[in-house]
Amino acid sequence: MNQPTNPPAPINFHANVRRVVANPALRASFRGAMDFLMAKRAVQFPDPEAFEALRTQGEQIRQHALSRLPELLEQLETSLARNGIQVHWAETPEQACQLIIDLATRAGGDLVVKGKSMVSEEIELNHALEAVGIAALESDMGEYIVQLAGEKPSHIIMPAIHKTKEEIARLFADKVPGVDYTDSVDELIQIGRRVLREKFRDTRIGLSGVNIAVAETGTLCLVENEGNGRMCTTVPEVHIAITGIEKVVAKLEHVPPLLTLLTRSATGQAATTYFNWISGPRREGELDGPREVHLVLLDNGRSGAYADARLRATLQCIRCGACMNHCPVYARIGGHAYGTTYPGPIGKLVSPHMLGLDVTADLVTASSLCGACGEVCPVKIPIPDLLLQLRQQSQGHAAAPLLPGAGSGRKALQTISYGLFAWLYSRPAFYRLFSLCATRLRALTPSKQGAWTLSRTALRPAPRSLHERMKSRSEA
Ligand code: SF4
């Protein structure tokens, strides 16, 4: 299992939450955005039975791929090699960054233009490139905005969803040379496009993520709405794709159901504007396309999740973001409060594999367990059940704690109190004696009631006549 070279400090989730809940504008902005996304998604799934059937199909496709993951990854490598795509394996973020640095250096480039890739965020690629003098430029508009602001994405699909158009207008005016303040969304998009198009012309290296990799054909599928993904994968001389090892499916026919689920769940679109099938570098006689295509396959804790029969389900994820949009916790605090690349319900499941439970112990408790995430997940990941399992592992209760940091969430006081209670509860005579003493000692508790107790209204039994009416109706 992968262990980080320098284990990061535990995430101070509670302090992060206190900071964001004290910002009413941010909360209102997230609430509005999540309501909008939920409404768009609901329109795309009007028939609950059809949705359920599609979810089942999506779940089966992902489970089938995971059940054959080692074999499919080998097949994918063979198929990609046949198509002229070079495959590189990285166990850790450090290895993945080094591979990309080496490829960029060999290509002679000092600028990497990136399409949207959460895996590149996961490995902190921009920092690694900049540390060796290679600039990284985000070309997805949301990513470009957060990069200009020096922030991280707050949502896996909409990285800058926490920003208002006025904040973006101020940012462009401050950071983009020669730009005056405008809060016209169309003008802001045109400004971004102008800057990025010039960069596409100048760079030798484009980098992208991958939504689905098809083992039988060696095809990399990439969905997007802005055309920047197509530019990154076709204009530069070298295209480097990066993805997690779980993104593979067996057959081409498995792609359409997953795509239907992905785009409808993510942005409420029946289909995205661009769908890229990448099947190799430029061929003899072709006028455009990259001369080299590389795929970096990243583990970073995924094989640890794979080894646990139940947590393996986290690898079914198609990164649609619907669980975040429907999560009452995420909708109030936004993505930055989680302090991880992947926020929200899915982030709480995958981050412990990447960073360790000792770093993410607070995250697994940040759920009301209302079940909304599990209900909307297009591939039926049982998110609430898995959160409970991670909570147990965090407390050191699970039978086989495979995760790094398992048991770290347990405090000394908890261990002593639960141990004492277990001892007492398993001895009926002592337990009865304890109950008797506790009942007697109740007389010593303060007689004055606190504000919380006084604010509560005790449940009163329903009027007898109502009981009788209901009884007679149920018997009728
Ligand atoms: S867990 Fe399900 S709902 Fe959440 S991002 Fe993954 S696929 Fe989408």
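This text goes with the structure placed above it.
An account of the accompanying structure is given in this report. (Residues numbered from 1 in each chain as written. Predicted model: local features only at pLDDT ≥ 70, side-chain atom pairs only at ≥ 80, totals over all residues. Heavy atoms only, no water.)

1. With respect to the overall build of the protein
Stated precisely, the cut-off is as follows: Numbering of helices and strands runs from the N terminus, with a helix taken as a DSSP run of H or I at least four residues long and a strand as a DSSP run of E at least two residues long. Relative accessibility under 20% of the residue-type maximum defines a buried residue, over 50% an exposed one, and the middle range a partly exposed one, all with a 1.4 Å probe and only protein chains included. Should any heavy atoms of two residues lie within 4.5 Å, those residues are counted as being in contact. Only the protein chains shown count as covering a residue, and every accessible area follows the Shrake-Rupley method with a 1.4 Å probe. Residues counted as positive are Lys and Arg, residues counted as negative are Asp and Glu, and His and the chain ends are not counted. We put the charge of a Lys on NZ, of an Arg on CZ, of an Asp on CG and of a Glu on CD.
Counting its secondary structure elements, the protein contains 23 helices and 10 strands. Within the protein, the proportion of its 476 residues that are buried is 49%. Within the protein, residue pairs in contact and separated by at least 24 positions form 74% of the contacts whose partners lie at least 6 positions apart. Only carbon and sulfur atoms are counted for the fraction: they give 56% of the accessible area of the protein, which is about 23,700 Å². Placing the 52 positive and 47 negative side-chain charges of the protein at their respective mean positions leaves the two points 12 Å apart.

2. A closer look at unusual backbone geometry
Positioned with a positive phi, Leu 369 is a non-glycine residue whose angle comes to about 55°. Position of Leu 369 among the secondary structure elements: in the loop between helix 17 (357-360) and helix 18 (372-376). For Leu 369, a relative accessible area of 31% puts it in the partly exposed group. With phi around 55°, Lys 380 is a residue other than glycine that occupies positive phi space. For Lys 380, the position within the fold is in the loop between helix 18 and helix 19 (383-394).

3. A look at empty space enclosed by the protein
This is how it is decided: Using a grid of 1 Å spacing that covers the protein atoms alone, one calls a set of points a cavity when a 1.4 Å probe fits there but cannot get out, and a pocket when the set is open and has protein on both sides within 12 Å along at least five of seven lines; lining residues are those with an atom within 4 Å of a point. Grid points are joined across faces, edges and corners, and a volume is the space filled by probe spheres set on the points. Throughout this entry, Asp, Glu, Lys and Arg are counted as charged residues, while Ala, Val, Leu, Ile, Met, Phe, Trp, Tyr, Cys and Pro are counted as nonpolar. The remaining residues, Gly among them, count as polar.
Enumeration over the complete set of coordinates arrives at 6 cavities of 30 Å³ or more. What the largest cavity holds in volume is close to 90 Å³. Along its surface, the largest cavity is lined by 13 residues, and Cys 317, Cys 320, Cys 323, Cys 377 and Pro 378 are the ones closest to its centre. Looking at the lining of the largest cavity residue by residue, the classes come out as 11 nonpolar, 1 polar and 1 charged.

4. Points about the sheet that holds strand 8 (residues 248-249)
Note the following rule: A pair of strands is treated as paired once DSSP finds two or more bridges between them.
One open sheet holds the 4 strands; their spatial order is 8-5-6-9, and the pairing between them is mixed. Pairing within the sheet leaves two strands with one partner each, and these edge strands are strand 8 and strand 9 (274-278). By the bridge criterion, 5 bridges tie strand 6 (residues 219-224) to strand 9 in an arrangement that is antiparallel. By the bridge assignment, Glu 224 is partnered in strand 9 with Tyr 274.

5. Focus on the site of the ligand
The condition that has to hold: Residues are labelled near a given molecule or strand when at least one of their non-hydrogen atoms is within 4 Å of it. If over half the atoms of a molecule are within 2 Å of the grid points of a cavity or pocket, the molecule is regarded as sitting in it.
Surveying the vicinity of the ligand reveals the residues Cys 317, Ile 318, Arg 319, Cys 320, Gly 321, Cys 323, Ile 346, Cys 377, Pro 378, Val 379, Ile 381 and Ile 383. Of the pockets mapped on this structure, the ligand occupies the largest cavity. Looking at the shell around the ligand, its residues break down into 10 nonpolar, 1 polar and 1 charged.

6. As for the packing of aromatic side chains
The cut-off we apply is this: Aromatic pairs are defined between Phe, Tyr and Trp rings, using the six-membered ring for Trp, whenever the two ring centres lie within 6.5 Å; interplanar angles under 30 degrees are classed as stacked, those over 60 as edge-to-face, and all others as tilted. Lysine NZ or arginine CZ positioned within 6 Å of the ring centre and within 35 degrees of the ring normal marks a charge as sitting over the ring.
Scanning the entire structure with this criterion turns up 9 aromatic pairs. Between the aromatic rings of Phe 30 and Tyr 330, the centroid separation amounts to 5.6 Å while the plane-to-plane angle is 90°, which identifies the pairing as edge-to-face. Here Tyr 330 lies in helix 15 (residues 328-333) and Phe 30 lies in helix 2 (residues 24-44), a separation of 300 residues in the sequence. Residue Phe 30 is classed as buried on the basis of its relative accessible area of 2%. Between the aromatic rings of Trp 423 and Phe 430, the centroid separation amounts to 5.2 Å while the plane-to-plane angle is 50°, which identifies the pairing as tilted. Trp 423 sits in the partly exposed class, given a relative accessible area of 40%. The structure contains a cluster of three or more aromatic residues connected by ring pairs, namely Phe 13, Phe 30, Tyr 330 and Tyr 338. Sitting above the plane of the Tyr 306 ring, Arg 312 keeps its charged end 3.8 Å from the centroid. Of note, Arg 319 hangs over the ring of Tyr 342, and the distance from its end group to the ring centre comes to 4.6 Å.

7. A short note on the sheet that holds strand 10 (residues 292-298)
What counts is decided by this rule: A fitted line through C-alpha atoms serves as each axis, taken over the contacting stretch for helices, and the angle formed by two N-to-C directions is quoted from 0 to 180°.
Read from one edge of the open sheet, 6 strands run 1-10-7-4-2-3, paired in parallel fashion. Each of the sheet's edge strands pairs with one partner strand only, and the pair in question is strand 1 (85-90) and strand 3 (135-138). Recorded for the sheet is a direction-independent mean angle of 25° between the axes of neighbouring strands. Sitting on the sheet, helix 5 (residues 93-107) touches strand 1, strand 2 (111-114), strand 4 (205-208), strand 7 (238-244) and strand 10, and the angle it makes with strand 10 is about 170°.

8. With respect to the packing of helix 2 against helix 12 (residues 255-267)
For the pair helix 2 and helix 12, interaxial distance at closest approach is 6 Å and the crossing angle is 145°. Of the residues in helix 12, those in contact with Leu 37, Lys 40, Arg 41 and Gln 44 of helix 2 are Arg 264, Ser 265, Ala 266 and Thr 267. For the contact of helix 2 with helix 12, the per-class residue count stands at 2 nonpolar, 3 polar and 3 charged.

9. Details of the packing of helix 20 (residues 412-425) against helix 21 (residues 428-441)
As a reminder, the rule being used: Roughly parallel here means an angle under 35 degrees, roughly antiparallel means over 145, roughly perpendicular means 65 to 115, and every remaining angle is called oblique.
At their nearest, the axes of helix 20 and helix 21 sit 7 Å apart, and the two run at 110° to each other. Classified by the angle their axes make, helix 20 and helix 21 are roughly perpendicular. For the pair helix 20 and helix 21, contact is made by Phe 421, Trp 423, Leu 424 and Tyr 425 and by Phe 430, Tyr 431 and Phe 434, respectively.

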